Amino acid sequence: MRTFIENMPKAELHLHIEGTLEPQMMMALAKRNNVTLPYATVDEIRQAYEFSNLQDFLDLYYAGMSVLVERQDFFDLAWAYLEKMHTQNVTHVEIFFDPQGHTARGINFDTVLSALTDALDQANRTFGITSKLIMCFLRHLSEEEAFETLAHARKAKGHIFGVGLDSSEIGHPPRKFERVFAEARNEGFVAVAHCGEEGPAENVADSLDYLKISRIDHGNRALEDPALVSRIADEGIALTVCPLSNLRLNVVTSMTDHPLRRMLNAGLCATINSDDPAYFGGYMTENYLSVQEALNLSRDEIEQLGRNAYTGSFLDAASKRVALDVYDTFVAAN
Ligand code: HPA
Ligand code: ZN
């Protein structure tokens, strides 16, 4: 099973590029940019990664971003992730970025975007990895600030495929961003949102109804509402589930309690993703392996999860067919 998981073609649909900042790179960039960190060593950074909830993590996640200053820093960050994904046989990635985490520090939107776009283009040329970029609004900030961020995206439509919603779910319900999502969709951006991670099932329903999302990021707590589960299954809306993130942020109490199998059994298009791998202890392969071992997922279940990732991706119909053919050929031969 391990070899199959390592070698299978994979797609990642829930990945915050700022969450791939490994402690080593954080230290190196802090030095390069003369940023003072509250840690003296890489080990000290690692030791700080003990979270009791989402907010605990977010506080360190935003602090960590302070080392990303120059265009090259953003390129190096993305390139390190993409090289790593190539070694894990990841062939398609849909990547979030948090521009407000950078523009708030005086960094130019276009500096961030062009660095990420360059790294993604280079990964396509070098490794054949395909990608989509999704710009997230930070939900703890205001609607007005989200509109300002959307104005930047409007000028870069060719490079940004969709908009998302992340950061603190509690206290910032989906409807706070109903108008900004309406405008974003009007302009042709696909919509997704983090919901039902810490917040209730109602946040998942409201994200579908008011933000008109095409995919659910996390969505664990949707399982608390059977009618909602049937609706999501019937509409074929994919969920981007993040097992190691769920464990580290106490969304689940142990990996053996993870709801992934229940999601599959309910007919949901659940997928496996890494979220913020540098903070949560694993990239794609490690996420697959940890949940497979804990739940004793069968070969059929792993195959389904792998297929769901391509099915639930935002690849156009023709590219999706090609990717699924490659996947099915691998599965038949291994
Ligand atoms: N949830 C909300 N916001 C985030 C996350 C997450 O898992 N990762 C990075 N920002
Ligand atoms: Zn996330």
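For the structure itself, look to the data block above.
Below: a short report on this structure. (Residues numbered from 1 in each chain as written. Chains lettered and ligands numbered in written order. Predicted model: local features only at pLDDT ≥ 70, side-chain atom pairs only at ≥ 80, totals over all residues. Heavy atoms only, no water.)

1. Some details on the site of ligand 1
Item 1. All residues in the neighbourhood of ligand 1 are listed as His16, Leu54, Phe57, Leu58, Tyr61, Asp166, Ser167, His194, Glu197, His218, Asp275 and Asp276.
Item 2. One nitrogen or oxygen atom from the side chain of His16 is found 3.2 Å from a nitrogen atom belonging to ligand 1.
Item 3. A distance of 2.7 Å is found between a nitrogen atom of ligand 1 and a side-chain nitrogen or oxygen belonging to Asp276.
Item 4. Relative to its unbound accessible surface of 260 Å², ligand 1 loses 100% to contact with the protein.
Item 5. Its residues assigned to classes, the shell around ligand 1 shows four nonpolar, four polar and four charged. (Near = heavy atom within 4 Å. Polar contact = N/O pair within 3.5 Å; in protein donor to acceptor, adjacent residues only side chain to side chain. Areas by Shrake-Rupley, 256 points an atom, 1.4 Å probe, with all protein chains shown as cover. Nonpolar A, V, L, I, M, F, W, Y, C, P; charged D, E, K, R; others polar.)

2. A few points about the sheet that holds strand E3 (residues 130–138)
Item 1. Pairing is parallel in the open sheet, where eight strands are placed in the order E1-E2-E3-E4-E5-E6-E7-E8. Of all the strands in the sheet, the pair left with one neighbour each is strand E1 (10–16) and strand E8 (269–272). Mean inter-strand twist for the sheet, computed between neighbouring axes without regard to direction, equals 25°.
Item 2. Relative to strand E4 (residues 162–166), E3 is paired through five bridges, and the arrangement is parallel. (Pairing = 2+ DSSP bridges. Helix = DSSP H or I, 4+ residues; strand = E, 2+ residues; numbered from the N terminus. Axes fitted to C-alpha atoms, helices over the stretch in contact; angles between N-to-C directions.)

3. Some details on the coordination of the zinc ion (ligand 2)
Item 1. Looking at the metal site, the zinc ion (ligand 2) is ligated by His14 (NE2), His16 (NE2), His194 (NE2) and Asp275 (OD), spaced 2.0 to 2.2 Å from it.
Item 2. Considering all four donor atoms around the zinc ion (ligand 2), angles at the metal cover 84 to 174° and the coordination shape is irregular.
Item 3. Binding-site remark: the zinc ion (ligand 2) is held by donors from one chain whose sequence spacing is H-x1-H-x177-H-x80-D. On the criterion of sequence distance, the pair formed by His194 in strand E5 (residues 190–195) and Asp275 in the loop between E8 and helix H14 (277–280) is long-range, its members being 81 residues apart. (Donors = N, O, S within 2.8 Å, 3.2 Å for Na, K, Ca; no water. Tetrahedral: all angles 85-135°; square planar, octahedral: opposite > 155°, others 65-115°.)

4. Comments concerning the nonpolar core
Item 1. The biggest cluster of nonpolar side chains holds 107 residues, and the ones touching the most others in it are Phe97, Phe181, Ile232 and Leu260.
Item 2. Setting aside anything within four residues of it in sequence, one finds Phe181 in contact with Phe137, Val163, Gly164, Leu165, Ala191, Val192, Leu211 and Ile213.
Item 3. Counting residues in hydrophobic clusters, the runner-up holds five residues, among them Phe96, Ile134, Cys136 and Phe314. (Core = buried A, V, L, I, M, F, W, Y, C linked by side-chain atoms within 4.5 Å. Buried < 20%, exposed > 50% of the residue type's maximum accessible area, 1.4 Å probe, protein only. Contact = heavy atoms within 4.5 Å.)

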